[in-house]
Amino acid sequence: MDAVERFIEYAKWWTTSDEESGITPSTARQMDFARKLKQDLEGLGFEEVELDELGYLYATLPANTTEALPTIGFIAHMDTSPDMSGENVKPRIVKNYDGKDIVLNAERNIVLSTEQFPEILQYKGQDIIVTDGTTLLGADDKAGIVEIICACEYLMAHPEIKHGKIRIGFNPDEEIGMGAHKFDVNKFGCDWAYTMDGGEIGELEYENFNAASAKLKFNGLNVHPGSAKGKMRNAIRMAQEFISMIPAELPENTEGYDGFYHVVASSGSVEEASLAWIIRDHDRAKFEERKRVMERTTRWMNEKYGEGVVELELKDQYYNMREMVEPEIHIIDKAFKAMEEAGVKPKVSPIRGGTDGAQLSFKGLLCPNIFAGGHNFHGKYEYLPIRSMEKAIEVIVNIVKK
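Here is a short report on the structure shown in this document. Treat the numbers as computed from the prediction; the structure is a model and nothing was measured.

**Re the overall build of the protein chain**
Okay, so step 1: Secondary structure summary: the protein chain contains ten helices and 17 strands in total.
Okay, so step 2: Here the C-alpha atoms of the protein chain give a radius of gyration of 23 Å, agreeing with the 21 Å that 2.2 N^0.38 yields for 402 residues.
Okay, so step 3: Along the longest, intermediate and shortest principal axes, the C-alpha atoms of the protein chain span 85 × 50 × 35 Å.
Okay, so step 4: Going through the 402 residues of the protein chain one by one, you find that 53% of them count as buried.
Okay, so step 5: Just so you have it, the protein chain exposes about 17,800 Å², and 48% of that area is on carbon and sulfur atoms.
Okay, so step 6: Separation of charge centres in the protein chain, based on 46 positive and 67 negative side chains, amounts to 3 Å.

Following this line, the structure appears as structure tokens:
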């Protein structure tokens, strides 16, 4: 089975994760897919194939030389984002893309527009896998899974390429920030690893946001509006007031190394309201200050409305892997050179988001991130240039050669 066939088969598996389930894996459908992958890996001849009860799948491509070489790993995640339906995915191939708008779904007038997504024009003349406009595609990160498997298949077929022990790991729940939490670094047993979870061709990332979540509860007091003077506390209005006091450093007006505050959910009534935020910054000191802003604003409102009226729960999610990876920069240099040898121009840039590699790096497994090749993740306009996937496979092989 070639990479395209394998990707299309895997993309059809429904593996959406669920932040609210409270279990690991967060959805049974991820475990179903993990069992499928386990069967495939065993059939291909991988050794030490192990699927644990939490949905983490590990396997080994044994060393084919007695030379003392490092053990390296390649990691990808099985789940797809809950931001868009991943059920009944219907991938199709646009052959020899002509540089025009792609009609994904004529009946619903869903069009992948070159005006809205001009970066697609760089793939003119290539074959591109797209959705039917009703679901995401799942290249994040089933492309990564396919690339790792196919690269290992190539190495099996070319024993003249001498290599040390190679470990692969496929984990659940990356999209809900839980993928690395229960990843068994000791069992994985690698000197270092790479996640194949980046975006467009050439991406090489070893910097990411420091991240925290903030949950706020506003305890109002509902009184009949006809006699509410001096008595009512409107929780909705308190939530609005809180938002107005936070600096307007928002995702929609920041880029590069800029951090932000992002209110992602709100609900409520006069009696009780809630806000959910995410806080992001590449700089650790600025990140800590952003958390203090949330705390100071909470204290100020409690001084105004009464102690305990506003409740804040702050929780760190992950940190910038740069501080862990930079002292061992040779693992970035190897990936950089592997891309150049594949004819791919490396694009080293900070991740404006997170990756399992960040948490794994702080657990002792240094793990920068390499492109998987897709675009427009988490939505119906997601697409995957086939050449980008093929180049990712070549990069993996080149890393192993080093």
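Still more to cover.
**Quick word on the packing of aromatic side chains**
Okay, so step 1: Using the criterion set out here, one finds 14 aromatic pairs in the structure.
Okay, so step 2: Taking the centre distance of 5.4 Å and the plane angle of 80° together, the rings of tyrosine 58 and phenylalanine 183 count as edge-to-face. A residue pair is termed long-range when its members are at least 10 positions apart, and tyrosine 58 in strand β2 (residues 57-61) and phenylalanine 183 in the loop between β8 (166-171) and α4 (185-188) qualify at 125 residues.
Okay, so step 3: On the basis of relative accessibility, which here comes to 3%, the residue phenylalanine 183 falls in the buried class.
Okay, so step 4: Arranged with centres 6.5 Å apart and planes meeting at 80°, the rings of phenylalanine 287 and tyrosine 319 form a pair that is edge-to-face. Placement of the pair is phenylalanine 287 in helix α6 (residues 284-305) and tyrosine 319 in the loop between β14 (310-318) and α7 (322-325), with a sequence separation of 32 residues.
Okay, so step 5: What makes phenylalanine 287 buried here is its relative accessible area of 0%.
Okay, so step 6: When the ring centre of tryptophan 14 is taken as reference, the NZ or CZ atom of arginine 29 above it lies at 4.0 Å.
Okay, so step 7: Sitting above the plane of the phenylalanine 33 ring, lysine 142 keeps its charged end 5.3 Å from the centroid.

**Topic: the environment of proline 350**
Okay, so step 1: In this structure, proline 350 sits in the loop between β15 (347-348) and α9 (356-362).
Okay, so step 2: In the structure, proline 350 is positioned 345 residues away from glutamate 5 in sequence and 32 Å away in space, judged by C-alpha atoms.
Okay, so step 3: Sequence-distant contacts of proline 350, that is, excluding residues within four places in its chain, are made with Glu207, Gly256, Tyr257 and His282.

**Here we look at helix α10 (residues 386-401)**
Okay, so step 1: Its 16 residues give α10 an end-to-end C-alpha distance of 23 Å, which sits within 8% of 22 Å, the value for a rise of 1.5 Å per residue.
Okay, so step 2: Counting buried positions over the 16 residues of α10 gives twelve, a clear majority of the element.
Okay, so step 3: Listing the buried residues of α10 in full gives Ile386, Ser388, Met389, Lys391, Ala392, Ile393, Val395, Ile396, Val397, Asn398, Ile399 and Val400.

**Some details on the sheet that holds β14**
Okay, so step 1: Here four strands make up an open sheet; going across it, the order is β12-β13-β11-β14 and the pairing antiparallel. Edge strands, defined here as strands with exactly one partner in the open sheet, are β12 (260-268) and β14. Pairwise comparison of adjacent strand axes, ignoring direction, gives a mean angle of 15° for this sheet.
Okay, so step 2: Where β12 lies against strand β13 (residues 272-281), eight bridges are found, and the strand directions are antiparallel.

**With respect to the sheet that holds strand β7 (residues 128-130)**
Okay, so step 1: On the basis of which strands lie adjacent, the open sheet formed by three strands has the order β4-β7-β17 and antiparallel pairing. Looking along the sheet, the strands with just one partner apiece sit at the ends: β4 (92-94) and β17 (383-385). Strand-to-strand, the axes of this sheet are offset by a mean angle of 30°, without reference to chain direction.
Okay, so step 2: With three bridges joining them, β7 and β17 adopt antiparallel strand pairing. Residue pairing in the sheet places valine 130 in a bridge with tyrosine 383 of β17.

**A look at the packing of helix α8 (residues 330-341) against α10**
Okay, so step 1: Here α8 crosses α10 at 125°, and the two axes come no closer than 8 Å. By the angle class used here, α8 and α10 are oblique. Between α8 and α10 the crossing geometry is right-handed. Contacts from Lys334, Ala335, Ala338, Met339 and Glu341 of α8 reach α10 at Glu394, Val395, Asn398 and Ile399.
Okay, so step 2: Counted by class, the contact of α8 with α10 contains five nonpolar, one polar and three charged residues.

**Some words on the pairing of strand β11 (residues 210-219)**
Regular strands show a simple pattern: their side chains alternate between the two faces of the sheet.
Okay, so step 1: Burial of β11 is extensive: eight of the ten residues sit out of reach of the surface.
Okay, so step 2: The sheet contact formed by β11 and β13 spans ten bridges and is antiparallel. Bridging from a neighbouring strand, serine 213 pairs with isoleucine 278 of β13.
Okay, so step 3: As judged from the eight bridges shared by β11 and β14, these two strands associate in the antiparallel manner.

**Things to note about the nonpolar core**
Okay, so step 1: Of all hydrophobic cores here, the largest spans 79 residues; its most connected members are Phe7, Phe74, Phe170 and Ile370.
Okay, so step 2: Per-element tally for this core: the top contributor is helix α3 (residues 139-157), with ten residues.
Okay, so step 3: Beyond its immediate stretch of four places on either side in the chain, phenylalanine 74 contacts Ile148, Ile166, Arg167, Ile168, Gly169, Phe188, Tyr194, Met196, Ile396, Ile399 and Val400.
Okay, so step 4: With 20 residues, the next largest nonpolar core counts Ala214, Ala239, Tyr261 and Met294 among its residues.

The rules behind these values
- By convention here, each chain's residues receive numbers from 1 onward along its written sequence.
- Thresholds applied to this predicted model are a pLDDT of at least 70 for local features of residues and 80 or more for the giving and counting of side-chain atom pairs; totals over whole chains, interfaces and linings are not thresholded and use all residues.
- With hydrogens and water stripped out, all remaining heavy atoms of the structure feed into the side-chain values.
- The secondary structure listing takes helices from DSSP runs of H or I that are at least 4 residues long and strands from runs of E that are at least 2 residues long, numbered from the N terminus.
- Radius of gyration here uses only the C-alpha atoms, and the compact-globule reference equals 2.2 Å multiplied by the residue count raised to the power 0.38.
- For each residue, the accessible area found with a 1.4 Å probe, counting protein chains only, is set against the maximum for its type, and the residue is called buried under 20%, exposed over 50%, and partly exposed in between.
- Here the open area of atoms and residues is found with the Shrake-Rupley method and a 1.4 Å probe, where only the protein chains shown may cover a residue.
- By the counting rule applied here, Lys and Arg register as positive and Asp and Glu as negative, while His and the ends of each chain are not counted.
- Where a charge lies is defined by one atom per residue type: Lys uses NZ, Arg uses CZ, Asp uses CG and Glu uses CD.
- The criterion for an aromatic pair is that two Phe, Tyr or Trp rings (for Trp, the six-membered ring) have centres within 6.5 Å, with stacked assigned to planes under 30 degrees apart, edge-to-face to planes over 60 apart and tilted to the rest.
- Either the NZ atom of lysine or the CZ atom of arginine qualifies as a charge over a ring when it sits within 6 Å of the ring centre and within 35 degrees of the ring normal.
- Note on contacts: a residue pair is in contact if any heavy atoms of the two residues lie within 4.5 Å.
- To estimate the expected span of a helix, subtract one from its residue number and multiply by 1.5 Å.
- Note: two strands are recorded as paired if DSSP finds a minimum of 2 bridges between them.
- Between N-to-C directions, angles cover 0 to 180 degrees, with each direction set by a line fitted to C-alpha atoms, over the stretch in contact for helices.
- Oblique is the label for any angle not covered by the other classes, which are roughly parallel (under 35 degrees), roughly antiparallel (over 145) and roughly perpendicular (65 to 115).
- The handedness criterion is simple: a crossing whose near helix is rotated anticlockwise from the far helix by less than a right angle is left-handed, and one whose near helix is rotated clockwise is right-handed.
- Side-chain classes are defined by residue name, with Ala, Val, Leu, Ile, Met, Phe, Trp, Tyr, Cys and Pro counting as nonpolar, Asp, Glu, Lys and Arg as charged, and the others, Gly among them, as polar.
- Only buried Ala, Val, Leu, Ile, Met, Phe, Trp, Tyr and Cys residues count toward a nonpolar core, and they belong to the same one when joined by side-chain atoms within 4.5 Å.

Geometric descriptors of this kind do not, in isolation, establish any biological role.
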